[in-house]
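The chain contents come next:
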Amino acid sequence: MYESPIRERLITGDKSYGQISADICRPIENPPTKAWWAGFSVSFIFLCLLVLSLTITVMEGIGTWGVNKTVGWAWDITNFVFWVGIGHAGTLISAILLLFRQKWRMSINRSAEAMTIFAVMCAAIFPLFHMGRIWNGFWNLPLPNALGSIWVNFNSPLLWDVFAISTYFTVSLFFWYMGLIPDIATVRDRAKTKTTKWFYNLLSMGWNGSIRTWTRYEVVCLILAGISTPLVLSVHTIVSMDFATSIVPGWHTTIFPPYFVAGAIFSGFGMVLTLLVIARKVMNYEDYITIHHLDAMCKVVMLTGTIVGTAYITEFFIAWYSGVEYEQYAFINRATGPYWWAYWTMMSCNLLAPQIFWFKKIRQNPTIIFIMSIIVNIGMWFERFVIIVTSLHRDYLPSSWIYYRPTWVEVAIFLGTMGLFFTCYFVFCKLMPSISIAETKAIMPYDQLPIAKARMEQEKLAHSH
Amino acid sequence: MKPTNFIAGVFEDPELIYRAAKKMNKSGVKIYDCYTPFAVHGLEKTMGIERTRLSIAAFIYGCTGFTLAVILQWFTSYMDWQINIGGKPNTPVLVTFVPVCFECTVLCTALGTIMTFWIKSKMFHGVKPDLFDDRQTSDLFILAIDADSNKNHDAINQILRENGAIDIRTKSFDKNHSLIQ
């Protein structure tokens, strides 16, 4: 294998293949640590809060939320777009970086993909419960006319969303599972007790590492990556069309699809960094998720943050350039109206803050990266809030202008989805290898392997004699 | 009739199993399969495995998904019940069908390809794997040769030994084993 003399090594610490398996399987094979229990318990409490607040929403109705006739979409859609966006980094890392043959993706793709799946689960909660009568949720599906209604409206971006999100969830789930199969087999063959052996055997589908299967497997992964790449772009494009195809000033913008996709990748990488900066410390994965991985992710954050910032400024320019006074008012109101604080939070978190990643010293400092990743998450949450609430709260009729405030139930649902997300993530870390074992071995620099070193030494000796 | 008796060369080093496989090829011994913890590139060429036709299958599944989506939308929005949107003219196929067509294409491609892969590789939930060594999914590389059809066992053993196999084993499975060819 060709080794670039300039590039930093992707895995440090001169590991053997057996050691890689042992290192990555350690959290699975040992009882959970105190840190795991602490994190899991807190997340689980928030998950209970989700159940409570959703129960109240269903029992009482949407009246428990702060939405009203002027601001009909607010907190829920903000969170829907926020969570869908978080998911995008996983697919970007696993699909787009695979097509670009970026090897550094290998040690972070697994947890990023898991994140995608959990984030889409959180996202789906919001539109489903905003329907009010969740038990009628199947009306979203194109079912025959037995209920006295007509078919679903295929002209509506909201229906496209149903198809996009469900396809995205299914494909991501299968892609993730495909990647897990060889690693589940590794865990299975290392398992000591009967129950764990049974569990991992069931999920490993009889994987035995046959070269015939491997060659097919690699083609399947490439095909999945190839179709996931346009899929991930389509998902957030369609999410943005929920707004862009309407005629609300501030939403009716053709820049939305690329701007939303860039924002999604930006926020997703923010969340990946939040999780991995902690996970690599707690789970002792510092040899696998090195400082150079963080560095590379910071560069992506800076790039996409700047793209998003450019989009904010472009929107302003186009509002002025279009000459439409309603459009102009919407943007001036965004920056200087009652929600100015949300707008400037968004601007400073998304456009200004990531600029510090121009400095290598900062890109390689985990503490600053962690703080920055939280700032990015906050900024991107406010971006959606700004787009949705500030565009709606002052419509064409000044008598219906209103200041939207979330109720505690809405806040509790959002915090609850955080609980769901992190509970799932903690369970995943405990049950499944959170770094791809097989792929990590494949990118191990061959001449750094202990066995290879020993062999080459021997061969050299044999030659000289 | 599936072979049930195998000679297995056990290696620790992917480079050595590759060399052994090449030598095996040169001396005309057919390799049944190799079992490796990760995809060792080059081995499949040595073994003469042809490129899988899964990509063709994927294309066909994609076309199926696309067609189904067009039919669904054409039937519901044109044939069965047309929605009157501000009196705009209704045509059999609308440009607004594009996103759903795309999503259905992707969904069918993904599911179809994965299912075909599982069926072709005889991978099902609960299949008991037949392993040469518990460590073949972790850090050992196995080169398996059908012991029944290849009679020159001594020559095979010699090639394996000369190329750095750490162990040479004979292994028998019952005739329902899950090893594919």
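Residues numbered from 1 in each chain as written. Chains lettered and ligands numbered in written order. Predicted model: local features only at pLDDT ≥ 70, side-chain atom pairs only at ≥ 80, totals over all residues. Heavy atoms only, no water.

### Structural notes on the overall build of chain A
Our working definition: We count a stretch as a helix when DSSP gives it H or I for four or more residues in a row; a strand needs E for two or more, and each element gets its number in order from the N terminus. It is over C-alpha atoms that the radius of gyration is taken, and the globule rule equals 2.2 Å times the number of residues to the power 0.38. The contact definition used throughout considers only heavy atoms, calling two residues in contact when any of these lie within 4.5 Å. To measure how exposed things are, a 1.4 Å probe is used in the Shrake-Rupley method; for residues, cover is taken only from the protein chains shown. Charge counting treats Lys and Arg as positive and Asp and Glu as negative, with His and both chain ends excluded. We put the charge of a Lys on NZ, of an Arg on CZ, of an Asp on CG and of a Glu on CD.
From N to C terminus, chain A includes 16 helices and zero strands. The C-alpha radius of gyration computed for chain A amounts to 24 Å, which stays within 12% of the reference 23 Å derived for 465 residues, consistent with globular compactness. Seen through its principal axes, chain A has C-alpha atoms that stretch 95 × 50 × 40 Å. Intrachain contacts of chain A at a sequence separation of at least 6 include 82% that bridge at least 24 residues. Within the structure as shown, chain A displays about 19,400 Å² of accessible surface, and the carbon and sulfur contribution to it stands at 70%. The positive charge centre, built from 33 side chains, and the negative charge centre, built from 26, are 7 Å apart in chain A.

### Details of the overall build of chain B
Short version of the rule: Remark: exposure states derive from per-residue accessible area (1.4 Å probe, protein chains only) relative to the maximum for the residue type, with buried under 20%, exposed over 50%, and partly exposed in between.
The helix and strand tally for chain B stands at five helices and four strands. Walking chain B from its N terminus toward its C terminus, one meets helices and strands in the order β-α-β-α-α-α-β-α-β. Its C-alpha radius of gyration of 25 Å places chain B more than 25% over the 16 Å reference for a compact globule of 181 residues. Oriented by its inertia axes, the alpha-carbon framework of chain B measures out at about 85 × 30 × 25 Å. When burial is assessed residue by residue, chain B has 50% of its 181 residues classed as buried. Across chain B, every contact between residues at least 6 apart in sequence was considered, and the portion connecting residues at least 24 apart equals 83%. By element, 59% of the accessible surface of chain B is carried by carbon and sulfur atoms, the whole surface being about 9,300 Å². Counting 19 positive and 18 negative side-chain charges, chain B places the centres of these two groups 5 Å from one another.

### As for a positive patch on the surface
All names here are of chain B. The line we're drawing: What makes a patch is a set of residues exposed beyond 30% relative accessible area and free of salt bridges, joined within 9 Å when like-charged and within 5 Å when nonpolar (Val, Leu, Ile, Met, Phe, Trp, Tyr). A pairing counts as a salt bridge when a side-chain nitrogen of Lys or Arg comes within 4 Å of a carboxyl oxygen of Asp or Glu.
Residues Lys-2, Arg-53, Lys-120 and Lys-122 make up a contiguous surface patch of positive charge. You can see Arg-53 is positioned in the loop between α2 (43–46) and α3 (54–80). The class of Arg-53 is exposed, set by a relative accessible area of 63%.

### A short note on helix α7 (residues 211–244) of chain A
All names here are of chain A. Quick reminder of the rule: Under the convention used throughout, the expected extent of a helix is 1.5 Å for every residue step, that is, one less than its residue count. One fitted axis covers the seven residues ending at a residue, a second covers the seven starting there, and the bend at that residue is the angle between these axes. Polar contact criterion, stated in full: a pair of N or O atoms within 3.5 Å, where within protein one must be able to donate a hydrogen and the other to accept it, and residues adjacent in sequence count only if both atoms are side-chain atoms.
Between its first and last C-alpha, α7 extends 49 Å over 34 residues, near the 50 Å set by a 1.5 Å rise per residue. At Ser-228, α7 is deflected by roughly 25°, the largest bend along its length, and proline Pro-230 occurs up to four residues later in sequence. In terms of burial, α7 is largely enclosed, as 28 of its 34 residues are buried. Residue Ser-210 occupies the N-cap position of α7, its side-chain oxygen lying 3.1 Å from the main-chain nitrogen of Arg-212.

### Quick look at a nonpolar patch on the surface
Taken together, the side chains of A:Phe138, A:Trp139, A:Leu141 and A:Leu143 make up a nonpolar region of the molecular surface, amounting to roughly 390 Å² of accessible area. With respect to the secondary-structure elements, A:Trp139 resides in the loop between α4 (109–130) and α5 (157–190).

### Digging into the domain arrangement of chain B
Rule in force here: Where each domain starts and ends comes from a domain assignment, either automatic or drawn from a database.
The domains assigned to chain B are domain 1 (4–51 + 125–173) and domain 2 (54–120). Of note, the centres of domain 1 of chain B and domain 2 of chain B, computed from C-alpha atoms alone, are 45 Å apart.

### Examining the pairing of strand β3 (residues 141–146) of chain B
Residues and elements named next belong to chain B. Worth spelling out the cut-off: When DSSP locates at least two bridges between a pair of strands, those strands are taken to pair.
Most of β3 sits inside the fold, with six of its six residues counted as buried. Both faces of β3 are covered, namely the face carrying Phe-141, Leu-143 and Ile-145 and the face carrying Ile-142, Ala-144 and Asp-146. As paired elements, strand β1 (residues 5–11) and β3 share six bridges and run antiparallel to each other. Within β3, the position partnered with Phe-6 by the bridge is Asp-146. When strand β2 (residues 33–35) meets β3, the two strands line up antiparallel, connected through three bridges. Considered in β3, the bridge of Cys-34 is made with Leu-143.

### Considerations on the packing of aromatic side chains
Residue and element names in this part refer to chain A. The following threshold applies: Think of it this way: a Phe, Tyr or Trp ring, Trp meaning its six-membered ring, pairs with another when their centres are within 6.5 Å, and the plane angle makes it stacked under 30 degrees, edge-to-face over 60, tilted otherwise.
Overall, the coordinates contain 59 aromatic pairs over all chains when judged by the stated rule. Ring geometry for Phe-385 versus Tyr-404: centroids 6.4 Å apart, planes at 45°, classification tilted. Of this pair, Phe-385 sits in helix α13 (residues 366–393) while Tyr-404 sits in the loop between α13 and α14 (408–431); the two residues are 19 residues apart in sequence, bridging distant segments of the chain. The exposure classification of Phe-385 matches that of Tyr-404, with both residues buried.

### Quick word on the side chain of B:Glu44
Here B:Glu44 shows up in helix α2. Although buried, B:Glu44 forms no salt bridge, and the nearest oppositely charged side chain, B:Lys45, lies 4.7 Å from it. There is a polar contact of 3.2 Å between the side chain of B:Glu44 and the backbone nitrogen of B:Gly42. For B:Glu44, the contacting residues outside a window of four places in its chain are A:Ile211, A:Thr215 and B:Ile49.

### Observations concerning unusual backbone geometry
Most peptide bonds take the trans configuration, and most residues that are not glycine carry a negative phi. If you check the backbone angles, A:Asn284 has positive phi at about 60° while not being a glycine. Relative to the assigned elements, A:Asn284 resides in the loop between α8 (256–282) and α9 (291–322).

### Let's talk about the state of the cysteines
Applied cut-off: Pairs of cysteine sulfur atoms within 2.5 Å are identified as disulfides in what follows.
Taken as a whole and assessed by the stated rule, the structure comprises zero disulfides over all chains. Cysteine A:Cys298 is unpaired, with the sulfur of A:Cys349 as its nearest cysteine sulfur at 16 Å. Taking relative accessible area as the criterion, A:Cys298 reaches 0% and is therefore assigned buried. The structure places no disulfide on B:Cys104, whose sulfur is separated from the nearest cysteine sulfur, that of B:Cys108, by 6.5 Å. Overall, B:Cys104 belongs to the buried group, its relative accessible area being 15%.

### Describing the interface of chain A and chain B
What counts, and what does not: Defined in terms of a 1.4 Å probe, buried area is the accessible area two parts forfeit on being brought together, summed over both.
In this assembly, 60 residues from chain A lie in contact with 73 residues from chain B. A combined buried area of about 5,800 Å² lies between chain A and chain B, and 70% of that area is made up of carbon and sulfur atoms. There are three salt bridges connecting chain A and chain B. We note a salt bridge from A:Arg212 to B:Asp33, for which the minimum N-O separation is 3.7 Å. Linking chain A to chain B there are 20 residue pairs in polar contact (both at pLDDT 80 or more). Residue assignment for the side of chain A that touches chain B shows that the elements contributing at least two residues are α1 (17–29), α5, α6 (194–204), α7, α15 (437–443) and α16 (450–464) of chain A. When residues in the side of chain A that touches chain B are grouped by element, the largest group, 17 residues, is from α7(A).

### Points about the environment of A:Met347
Residue and element names in this part refer to chain A. Secondary-structure assignment places Met-347 in helix α11 (residues 340–352). Considering only alpha carbons, one finds Met-347 and Met-380, 33 residues apart in sequence, at a separation of 9.5 Å. Dropping the residues within four chain positions of it, Met-347 is found in contact with Tyr-312 and Leu-352.

### Overview of the confidence of the model for chain B
Residue and element names in this part refer to chain B. Heads up, the rule is: What pLDDT reports is the predictor's confidence in each residue, on a scale of 0 through 100.
Residues at a pLDDT of 70 or more form 99% of chain B, whose mean pLDDT is 87. Mean pLDDT values for the elements of chain B range from 85 in helix α5 (residues 153–162) up to 94 in helix α4 (residues 98–120). Here the predicted complex scores 0.92 on pTM and 0.92 on ipTM.

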